[in-house]
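Listed here are the chains, written in short residue letters.
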Amino acid sequence: DDRMLQSRHPFDIKAWCAACNAVTTMRVSWHYCGTNGQGSVHPAWTETCACNSCGLNSRMRALVDFLFSKLRAHSAMHVYMAEQITASFTGMKKLFSNVTGSEYLGPDYRPGEVAAEFKNHVHIRHEDLSRLSFSDGIFDLVLTQDVFEHIPDYQKTFSESARVLKAGGALVFTVPFFYDQATTCIRATVDAQGTVQHILPPEFHGNPVSNEGSLCFQNFGWDLLDALRTSGLSQPQAHMYWGPWAGHIGFPFFVFSAHKALVN
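Residues numbered from 1 in each chain as written. Predicted model: local features only at pLDDT ≥ 70, side-chain atom pairs only at ≥ 80, totals over all residues. Heavy atoms only, no water.

S.K.: Would you explain the sheet that holds strand E1 (residues 11–17) in this entry?
M.R.: Note: strands within a sheet are paired through backbone hydrogen bonds, in either parallel or antiparallel orientation. Strand order across the open sheet formed by 3 strands is E1-E2-E5, with antiparallel pairing between neighbours. With partners counted over all chains shown, the strands left at the sheet margins are E1 and strand E5 (50–51), one partner each. Pairing of strand E2 (residues 22–28) with E5 involves 2 bridges; the strand directions are antiparallel. Within E5, the position partnered with Met 26 by the bridge is Cys 51. (Pairing = 2+ DSSP bridges. Helix = DSSP H or I, 4+ residues; strand = E, 2+ residues; numbered from the N terminus.)

Structure below.
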């Protein structure tokens, strides 16, 4: 990774983009940069290396690659994606013929409600991943990208994902993942009155519908796979992505998947 760093300024590399299905130019920037355990200053690798053609960064392109090269997804699949106003959602609309997207707009909205206008965006569907408005068993794929860490009852979101999947369907997602942790570290909880209780100093991540960002409730460890099994999903797996030839730099990064069992 360090050998890829030509300078502490933005720079471009040529790499294979799974979304564009071509070699493209990708921009490595220093937004959200940090220091690793060895003291090396480096970019936030999963958030950078964005393709200049489609706009997708490393983690977004890794999810696309997994869907089509590993999961063997096809364009006719019915897809639910827990985002709607992002470049990634726009990209998925080009890859699948039937994609439903949503954003979490806040507690004043009902699941499934469509906001006529929200922060300069029109016709945005509101969904709460812990209580989705969809009927049982209607989607082939449920996709989320760096969302589950912002939901205090993440176990319920896994169960809801399983509920709305068809038999044989798959939940595919990314989250900030701490590969050196056996168990998930809880940073904050919500009490019975709906008040956030902080266990560790508050940590906020970017949010496409709010300038205030989103509070991170947990740092996931390897027991994430057990949580997926408990929710009724099978074959939970962590798929590691790294390779400068495809614009995936920064070790390690994972795409996670789990399946709803086929009915006997």
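S.K.: How do you make sense of the packing of aromatic side chains when you look at a structure like this?
M.R.: Each aromatic ring pair is characterised by the separation of its centres together with the angle its planes make. Using the criterion set out here, one finds 17 aromatic pairs in the structure. Taking the centre distance of 4.8 Å and the plane angle of 85° together, the rings of Phe 177 and Trp 222 count as edge-to-face. Here Phe 177 is found in the loop between strand E11 (165–174) and strand E12 (185–186), whereas its partner Trp 222 is found in the loop between strand E17 (218–219) and helix H4 (224–230), with 45 residues between them in sequence. These aromatic residues form a ring-pair network of at least three members: Phe 148, Tyr 154, Phe 158, Phe 173, Phe 177, Phe 220, Trp 222, Phe 254 and Phe 256. (Phe/Tyr/Trp six-rings, centres within 6.5 Å; stacked < 30°, edge-to-face > 60°.)

S.K.: Teacher, can you tell me more about the pairing of strand E6 (residues 78–81) here?
M.R.: Along any regular strand the residues' side chains alternate between the sheet's two faces. Side-chain alternation along E6 places His 78 and Tyr 80 on one buried face and Val 79 and Met 81 on a second face that is also buried. Taken together, the 4 bridges between E6 and strand E7 (residues 98–101) define a ladder with parallel strand orientation. Paired with Met 81 across the two strands is Gly 101, which belongs to E7. One crossover worth recording links E6 to the parallel E7 by way of helix H2 (residues 87–95), and it is right-handed. As defined by bridge partners, E6 adjoins strand E10 (residues 139–145) across 3 bridges and the pair is classed as parallel. Pairing of Met 81 across the sheet is with Leu 143, part of E10. (Buried < 20%, exposed > 50% of the residue type's maximum accessible area, 1.4 Å probe, protein only. Right-handed = clockwise from strand over helix to strand, strands pointing away.)

S.K.: In this structure, what is going on with the sheet that holds strand E19 (residues 248–260)? I would like to understand it.
M.R.: Strand order across the open sheet formed by 6 strands is E7-E6-E10-E11-E19-E18, with mixed pairing between neighbours. Where the open sheet ends on each side, the last strands, each with one partner, are E7 and strand E18 (233–243). Put simply, the sheet's adjacent strands are angled 20° from each other on average, direction ignored. Note: E11 against E19, 4 bridges, orientation antiparallel. In the strand pairing of E19, Phe 173 is matched with Phe 256. Of the strands in this sheet, E10, E11, E18 and E19 touch helix H3 (residues 154–164), which is tilted by about 140° from E11. (Axes fitted to C-alpha atoms, helices over the stretch in contact; angles between N-to-C directions. Contact = heavy atoms within 4.5 Å.)

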